[in-house]
Amino acid sequence: MATTIPRLGMHGIGKSFGNVPVLADVDLTVDPGEVVALLGSNGAGKSTLMKILTGLYNRDAGSIRIDGEEVVFGSPSEAVAAGVKLLPQEISVMPDMTVAENIFLGDMPIRRRFGLNQVDGDAMRRRSRELLDQLGFPSIAPDELVKNLPVAEQRIVEIARALAGKARILVMDEPTAALTEQEAKMIFKIIRRLQASQVSVIYISHYLNEVFEISDRIVVLRDGRNAGNFATARTSRADVLAAMLGNTVDDLYDVGASIAAGEEILHVDRLSIPGKIEEVGFTVRQGEILGIFGLVGSGVEVLGRALYGALGPVKGSEVRLGGQVYRPRSARAGKLAGIGFVAAERKKEGIIADLTVRENIALSFQERFERGLFVSQSDESRHAKRWIEDLGIRTRGPEQTLRTLSGGNQQKVCIARWLVEGVKLLILEEPTRGVDVGARREIYGKLRELANRGYAVLILSSDVEEVAGVSDRSLVLDRGRIVGQFTRGAKPAELMAATGNDPAFSAA
Amino acid sequence: MAALFGRPWSGVAMLGVFYLLLVLIFSVLSPFFMTLRNMLQIGGNVAYIGLMAAAGTPLIIAGGLDLSVAAIAGLTGVVISMLYTAGIPIWIAVAIALVVAAIIGVINGLFTTRLRLNPLIVTLGMMSIISGIALVLTGGLTRPLSVPGFNWIGAGRVFGVPVPFILMMAMFLVLWVVMTRMRFGRFIYAAGGNAEAARLIGIPLEKTLISLYVISAVSGAIAGTVLGAMLGAAGPNAAGAQLLTVIAAIILGGTSLNGGRGSVWGTLVAVLILGTLNNGLTLLNVSSFWQDVTRGVVLMLAVSLDQIRTRALGE
């Protein structure tokens, strides 16, 4: 091995956003024809590293060599030209174009006719045919519209597109997230063919069994640093999990004791959402934090908002809220029934960036800050100041525009909205996504305090450490079902193992 | 730069300076411009445009758009004139016309919210339907609308101030209070600033937007009433040419086409600027055809300014 020049050599890569270091001295090498799995929990730096490789971000430090040659990518198109292709997690195909058009999108073969440059449809179809045959899919017709293909075959069209431009390095981000097990096998088959033709693959996935099936080597990142480099054939899942998650419980979650849980606030019995959630049941008590962990696509991204009512009426479910029958119908109905909801995508679904902190906090229960016909700014201000102080929101004051606050402080504003009389249950999706470590600790502390003050708190998160760390009880969701139940003190690795990644763990 | 453009009031202040500059230039160029008589004249002349632009402002802030407003103004004059000719008392005729406009507003609102159609398409279609109906009703002819008492709201003066100007200022004042001091106002900014977030905290988005379409349509009807009373005649397409001025004023006034940002005072200053520009160019004997060109240029400058401002805010 020492004699071959690696296909990719990233050395000493460093990157900070503002004052927050995201990557520090990270190395990643990939040989020609090698499949390297890149693992790490949320925020470990995987996607930042890949964005640097594919030219989306500039690095602050370090070097990148491809086939021995130093490269600097100023933009994604320069990376693509150098043969570095990214398959994003969300499938990006043009549904109303044909398979052949999708494959040659951006680089269509041209012929000259009647003095005009025209797309050479014949050449495009012919070369699509060759590529699809090479990949082992003679059944996909180049003239078919992509929207008529099943999702897995759309994925394959995407891969063919990457190969059409002579890929040397293919980065696949959770390529099987929306696929069935059978379809995932098809993707693996393709990866083996790519391997045979000396294409290097960087494979990002949370599913350990996939990683062990397909990769030659596993590189683990933790907190923006290299945390492990394993030859897949000579390592165990336990070693990889330990490198990913560590064995020590972070003091991030050491934020005060919980009190004894009180009466039952939320009782869910056999909640189903077709195709996403299957007969899920659980309860949340007053004074308790229940955490639900699930990977992308497990249903964790819909369960909370379905209960709140944001997905409209949920049929056939039996939900009780504070002992009363509660039917999720609409966000408004959920709010009036006493549920507060903090959405995962803070920027898109949470903050109203151009309004002030005061206006954002008062907005959810605006009718309570009125004197007669008019909004009472002094009432709003008093209320906002109280929660700015209580939650430690760092702002020049209630009149600051929310846009200019940091992510963590914006998140606190989103929580403060629901801290009014009558709200019994707080549902939070990904409560600390995109929040720096200091603010994370504060948010966990405040959630604990709110629980102790009598709120029932339900957290849904794809961050396993967060769920294991902050919850009094935790559930693990996998493919729409609850597959594990844990009490306080469970290790992140145990929760992760329950997702079906590791039979040895789930038996324990 | 970012700090300057970011503050809502800085935009209005800049416009104010621009307005004063314009006044200064025309004063130098024409001796007839800087007279109290002419200034009040401008105020009266732009009032019907201001009425439409005032109500269009919160609608655009909330993420909507109403291109049918000027057509509604035209239809209103026609309806009032025909009902009056048929023997219905003039003020009852006005009331009926306002109700008709409100219904049109509800239809605009339902199509854009319930069916989630693009407001540009819906209100463009509505504009065509309404101006078509007005043409059918009149056979394309302008109808007389000369009624003692009634014409006062278009041509009358209170202490020398034109009544239409007073009506326009009242409209701006009421909307300003509603938008800054009432719950409904908060919902307007929230709906336009981040509709999904607003929905998720249980704000009645549909109700808010439908109400705004109704307000816009009714203000179109009020504008049509004022215009008819001012001219003593009702043409089927009396205000149609001013649709572009209305939209231009709102955007020039600093309201973001993306929604979420803007104020009625910016719109007011912009209406005065556009009115002054027309008046000044007329006094300088510039052909009205050139005035169309000027308005287009101002609109494009305003939209560019909007973009620069948005980018300065880092979106």
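Owing to the predicted nature of the structure, the values given are computational and were not obtained by experimental measurement.

**A word on the overall build of chain B**
No. 1: From N to C terminus, chain B includes 14 helices and four strands.
No. 2: For 315 residues, the compact-globule estimate of 2.2 N^0.38 gives 20 Å, and the C-alpha radius of gyration of chain B, at 19 Å, lies within 12% of that figure.
No. 3: Looking at chain B as a whole, 54% of its 315 residues qualify as buried.
No. 4: Considering only intrachain contacts with a sequence separation of at least 6, the fraction spanning at least 24 residues in chain B is 78%.
No. 5: Accessible surface, chain B: about 13500 Å² in total, of which carbon and sulfur atoms supply 73%.
No. 6: Of the charged side chains in chain B, 15 are positive and 6 negative; the average position of the first set lies 9 Å away from that of the second.

**Brief notes about the interface of chain B and chain A**
As a measure of interface size, the accessible area lost when the parts come together is often cited.
No. 1: In this assembly, 23 residues from chain B lie in contact with 30 residues from chain A.
No. 2: Between A:Glu359 and B:Arg186 there is a salt bridge whose closest N-O contact spans 3.7 Å.
No. 3: The tally of links from chain B across to chain A stands at 11 residue pairs in polar contact (both at pLDDT 80 or more).
No. 4: Of all the secondary structure elements, the ones that give two or more residues to the side of chain B that touches chain A are α8 (163–181), α9 (183–193) and α10 (195–200) of chain B.
No. 5: With six residues, α9(B) is the largest single contributor of residues to the side of chain B that touches chain A.
No. 6: By residue class, the composition of the side of chain B that touches chain A is 11 nonpolar, five polar and seven charged.

**Brief notes about the nonpolar core**
In globular proteins that are soluble, nonpolar side chains generally tend to be buried together.
No. 1: Judged by nonpolar contacts, the single largest core of 143 residues is most densely connected at A:Leu266, A:Phe282, A:Ile292 and A:Leu458.
No. 2: For this core, the element with the highest residue contribution is helix α3 (residues 36–61) of chain B, accounting for 13 residues.
No. 3: Look past the residues within four positions of A:Ile292 in its chain and what remains in contact with it is A:Phe282, A:Val300, A:Leu303, A:Leu458, A:Ile459, A:Leu460, A:Ser461, A:Val467, A:Leu475 and A:Leu477.
No. 4: Residues A:Val146, A:Leu163, A:Leu170 and A:Met172 belong to the second largest nonpolar core, which totals 36 residues.

**A few points about the packing of α3(B) against α8(B)**
Residue and element names in this part refer to chain B.
No. 1: At their nearest, the axes of α3 and α8 sit 7 Å apart, and the two run at 15 degrees to each other. Comparing the axis directions of α3 and α8 gives the class roughly parallel. As α3 runs across α8, the sense of the crossing is left-handed. Counted together, Gly 43, Gly 44, Val 46, Ala 47, Gly 50, Leu 51, Ala 54, Ala 55, Pro 58 and Ile 61 of α3 and Pro 164, Phe 165, Leu 167, Met 168, Met 171, Phe 172, Leu 175 and Met 179 of α8 form the full contact between these two elements.
No. 2: Here the residues of the contact of α3 with α8 are counted per class, giving 15 nonpolar, three polar and no charged.

**Overview of the sheet that holds strand β23 (residues 473–478) of chain A**
All names here are of chain A.
No. 1: Across the sheet, six strands lie side by side as β18-β21-β22-β15-β23-β24; this open sheet has mixed pairing. Only two strands of the sheet have a single neighbouring strand rather than two, namely β18 (339–342) and β24 (481–487). The sheet shows a mean angle of 15 degrees between the axes of neighbouring strands, taken without regard to direction.

**A look at the domain arrangement of chain A**
Residue and element names in this part refer to chain A.
No. 1: Under the domain assignment, chain A is made up of domain 1 (8–245) and domain 2 (251–507).
No. 2: Listed per partner, the contact involves 13 residues of domain 1 and 15 residues of domain 2.
No. 3: Carbon and sulfur atoms make up 56% of the area that domain 1 and domain 2 hide from each other, which totals about 1400 Å².
No. 4: Where domain 1 packs against domain 2, one counts one salt bridge.
No. 5: Of the charged contacts, one joins Arg 222 and Glu 465 as a salt bridge, the two residues approaching to 3.7 Å between their closest N and O atoms.
No. 6: Taken together, domain 1 and domain 2 are joined by zero residue pairs in polar contact (both at pLDDT 80 or more).

**Overview of the pairing of strand β11 (residues 217–222) of chain A**
Residue and element names in this part refer to chain A.
No. 1: Across the six residues of β11, six count as buried, placing the element largely inside the fold.
No. 2: Residues Arg 217, Val 219 and Leu 221 of β11 are buried on one face, and the alternating residues Ile 218, Val 220 and Arg 222, pointing to the opposite face, are buried as well.
No. 3: Bridge analysis of strand β3 (residues 35–39) against β11 gives four bridges, and the strand direction is parallel. Paired with Leu 39 across the bridge in β11 is Val 220.
No. 4: Pairing geometry for β11 and strand β12 (residues 225–231), over six bridges, is antiparallel. Across the sheet, the residue bridging to Arg 217 is Ala 231, located in β12.

**Details of helix α5 (residues 151–164) of chain A**
Residues and elements named next belong to chain A.
No. 1: Along its 14 residues, α5 runs 20 Å from first to last C-alpha, staying within 8% of the 20 Å computed at 1.5 Å per residue.
No. 2: Most of α5 sits out of view: 12 of its 14 residues are buried.
No. 3: The set of residues buried in α5 consists of Ala 152, Glu 153, Gln 154, Arg 155, Ile 156, Val 157, Glu 158, Ile 159, Ala 160, Ala 162, Leu 163 and Ala 164.
No. 4: In the core, the buried residues of α5 are packed alongside β6 (84–87), α3 (99–103), α4 (121–135), β9 (169–173) and α6 (181–196).
No. 5: Following α5 by one or two positions, Lys 166 adopts a phi angle in the positive range, close to 55 degrees.

**Topic: the sheet that holds strand β14 (residues 277–285) of chain A**
Residues and elements named next belong to chain A.
No. 1: Pairing is antiparallel in the open sheet, where four strands are placed in the order β14-β13-β16-β17. A strand with exactly one partner marks an edge of an open sheet, and here the two such strands are β14 and β17 (324–325).
No. 2: Bridge count for strand β16 (residues 318–321) against β17 is two bridges, and the pairing is antiparallel. Looking at β17, one finds that Arg 320 is bridged to Val 325.
No. 3: Along the sheet face, helix α9 (residues 300–308) touches β13 (264–273), β14 and β16 and points at about 115 degrees away from the line of β13.

**Observations regarding the pattern of salt bridges**
Side-chain pairs of opposite charge can arise whenever the charged atoms involved come near each other.
All names here are of chain A.
No. 1: Under the criterion given, the structure shown has 40 salt bridges over all chains.
No. 2: Glu 213 serves as the salt-bridge partner of Lys 185, at 3.6 Å between the closest nitrogen and oxygen. With a gap of 28 residues between them, Lys 185 in helix α6 and Glu 213 in helix α7 (residues 208–214) connect regions that are remote in the sequence.
No. 3: With relative accessibility at 40%, the residue Lys 185 sits in the partly exposed group.
No. 4: Several salt bridges converge on common partners, so that one network encompasses Arg 111, Asp 120, Asp 122, Arg 125 and Asp 143.

**Considerations on the side chain of B:Asn194**
No. 1: Examined against the element boundaries, B:Asn194 turns out to sit in the loop between α9 and α10.
No. 2: In this structure, B:Asn194 is in contact with A:Lys347, A:Lys348, A:Glu349, A:Gly350, A:Ile351 and A:Ile352, ignoring residues within four places of it in sequence.

**Here we look at unusual backbone geometry**
Both trends apply: most residues other than glycine have a negative phi, and most peptide bonds are in trans.
All names here are of chain B.
No. 1: Positive phi is not limited to glycine here, since Arg 116 has a value of about 50 degrees.
No. 2: Turning to its location among the elements, Arg 116 is positioned in the loop between α5 (90–113) and α6 (119–138).
No. 3: With a relative accessible area of 73%, Arg 116 lands in the exposed category.
No. 4: Here Asn 285, not a glycine, exhibits a phi torsion of approximately 60 degrees, which is positive.
No. 5: Mapped onto the elements of the fold, Asn 285 is located in the loop between α13 (264–283) and α14 (288–312).
No. 6: Among the residues examined, Asn 285 registers a relative accessible area of 71% and is labelled exposed.

The rules behind the values
- Residues numbered from 1 in each chain as written.
- Chains lettered and ligands numbered in written order.
- Predicted model: local features only at pLDDT ≥ 70, side-chain atom pairs only at ≥ 80, totals over all residues.
- Heavy atoms only, no water.
- Helix = DSSP H or I, 4+ residues; strand = E, 2+ residues; numbered from the N terminus.
- Rg over C-alpha atoms; globule rule 2.2 N^0.38 Å.
- Buried < 20%, exposed > 50% of the residue type's maximum accessible area, 1.4 Å probe, protein only.
- Contact = heavy atoms within 4.5 Å.
- Areas by Shrake-Rupley, 256 points an atom, 1.4 Å probe, with all protein chains shown as cover.
- Lys, Arg positive; Asp, Glu negative; His and termini not counted.
- Charge placed at Lys NZ, Arg CZ, Asp CG, Glu CD.
- Salt bridge = Lys/Arg side-chain N within 4 Å of Asp/Glu carboxyl O.
- Polar contact = N/O pair within 3.5 Å; in protein donor to acceptor, adjacent residues only side chain to side chain.
- Nonpolar A, V, L, I, M, F, W, Y, C, P; charged D, E, K, R; others polar.
- Core = buried A, V, L, I, M, F, W, Y, C linked by side-chain atoms within 4.5 Å.
- Axes fitted to C-alpha atoms, helices over the stretch in contact; angles between N-to-C directions.
- Parallel < 35°, antiparallel > 145°, perpendicular 65-115°, else oblique.
- Left-handed = near helix turned anticlockwise from the far one by under 90°.
- Pairing = 2+ DSSP bridges.
- Domains from an automatic or database assignment.
- Buried area = accessible area lost by both parts, 1.4 Å probe.
- Expected span 1.5 Å × (residues − 1).

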